Amino acid sequence: MQGKPPSASRITMSHFILPEDANPLGHGHGGVILKHIDTAAGMVAMRHMRGVAVTASIDRVDFIRPVFVGELVHLKANLNGVGKTSMEVGVRVEAENLYTGEIRYTNSAYLTFVALTSDGKPCDVPPLIPETPDDERRQLEAMERRQMRLTLRSRE
Ligand SMILES: CC(=O)SCCNC(=O)CCNC(=O)[C@H](O)C(C)(C)COP(=O)(O)OP(=O)(O)OC[C@H]1O[C@@H](n2cnc3c(N)ncnc32)[C@H](O)[C@@H]1OP(=O)(O)O
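Residues numbered from 1 in each chain as written. Predicted model: local features only at pLDDT ≥ 70, side-chain atom pairs only at ≥ 80, totals over all residues. Heavy atoms only, no water.

Visitor: A description of the nonpolar core should follow, citing residues and the corresponding values.
Guide: One finds Ile37, Leu75, Met87, Val89, Val91 and Phe113 to be the most contacted residues of the largest nonpolar core, which totals 29 residues. At the level of elements, strand E1 (11-16), helix H1 (30-49), strand E3 (72-82), strand E4 (86-96) and strand E5 (103-116) are the ones that each hand at least two residues to this core. Counting residues per element, this core draws most heavily on H1, which supplies seven residues. Non-local contacts of Met87, meaning those with residues more than four positions away in its chain, are made with Ala45, His48, Met49, Ala53, Leu79, Gly81, Val82, Leu111, Thr112, Phe113, Ala115 and Val125. (Core = buried A, V, L, I, M, F, W, Y, C linked by side-chain atoms within 4.5 Å. Buried < 20%, exposed > 50% of the residue type's maximum accessible area, 1.4 Å probe, protein only. Helix = DSSP H or I, 4+ residues; strand = E, 2+ residues; numbered from the N terminus. Contact = heavy atoms within 4.5 Å.)

Visitor: Please give an account of empty space enclosed by the protein that cites residues and values.
Guide: For the structure shown, the criterion picks out one cavity of 30 Å³ or more. The calculated volume of the largest cavity comes to roughly 30 Å³. Contributing to the lining of the largest cavity are Pro6, Asn78, Leu79, Asn80, Leu128, Pro130, Asp135, Arg138 and Gln139. Listing elements by their share of the lining of the largest cavity, those giving two or more residues are E3 and helix H2 (133-154). When its residues are assigned to classes, the lining of the largest cavity shows four nonpolar, three polar and two charged. (1 Å grid on protein atoms, 1.4 Å probe; cavity = no way out; pocket = protein on both sides within 12 Å on 5 of 7 lines; lining within 4 Å. Points joined across faces, edges and corners; volume = space filled by probe spheres on them. Nonpolar A, V, L, I, M, F, W, Y, C, P; charged D, E, K, R; others polar.)

Visitor: Report on the site of the ligand, specifying residues and quantitative values.
Guide: As a structural note, the neighbourhood of the ligand is formed by 16 residues, with Thr55, Lys84, Thr85, Ser86 and Arg146 the closest of them. At 2.7 Å, a backbone N or O of Lys84 approaches an oxygen atom of the ligand. Between the ligand and the protein, one listed contact pairs an oxygen atom with a side-chain N or O atom of Ser86 at 2.6 Å. Alone, the ligand offers 990 Å² of accessible surface; in the complex the protein occludes 53% of this. Of all the secondary structure elements, the ones that give two or more residues to the shell around the ligand are strand E2 (52-58), E5 and H2. (Near = heavy atom within 4 Å. Polar contact = N/O pair within 3.5 Å; in protein donor to acceptor, adjacent residues only side chain to side chain. Areas by Shrake-Rupley, 256 points an atom, 1.4 Å probe, with all protein chains shown as cover.)

Here's what the structure looks like:
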């Protein structure tokens, strides 16, 4: 199977936070942000393998700073590493104040997607070919996290 670089699937997705996206404090609801994280990451996984991929897990997500109604949220999603049938996508979330241009880092998350055949069985994904030192570092870190996830799951 032909390998592909992270640049072939990387995306930035932007979403305007509306009142309907807010919690009672007027902050972007955590569940709404999570939905956009999952969507952005899923698009990266599907672009890499050009088929169906489902979310298998989302690693710990910290909400470091709030996002406010009227801000633009940017979700930068990148394929960090692949296993045999699984793919780890990293998503960095930033909020942009449209009046001042200030950009705040708010969240990041690592998600694992599994590629499926049309009858729902896991199938092999194309290898990931790093192009830059950043790609190589992310791939190495993804392999370490994959090992940690496998260890944790083996204890369940
Ligand atoms: C985009 C969406 O919203 S999709 C909706 C939400 N997601 C879902 O409904 C998915 C429901 N879950 C499932 O269908 C299954 O658990 C699957 C397809 C994810 C995994 O099926 P399994 O039969 O456990 O697959 P299997 O044991 O063969 O593992 C396949 C791969 O998944 C990985 N995997 C399985 N479970 C997990 C997990 N919880 N976290 C991370 N990776 C996992 C395995 O490590 C393996 O990776 P590898 O091939 O790269 O080594």
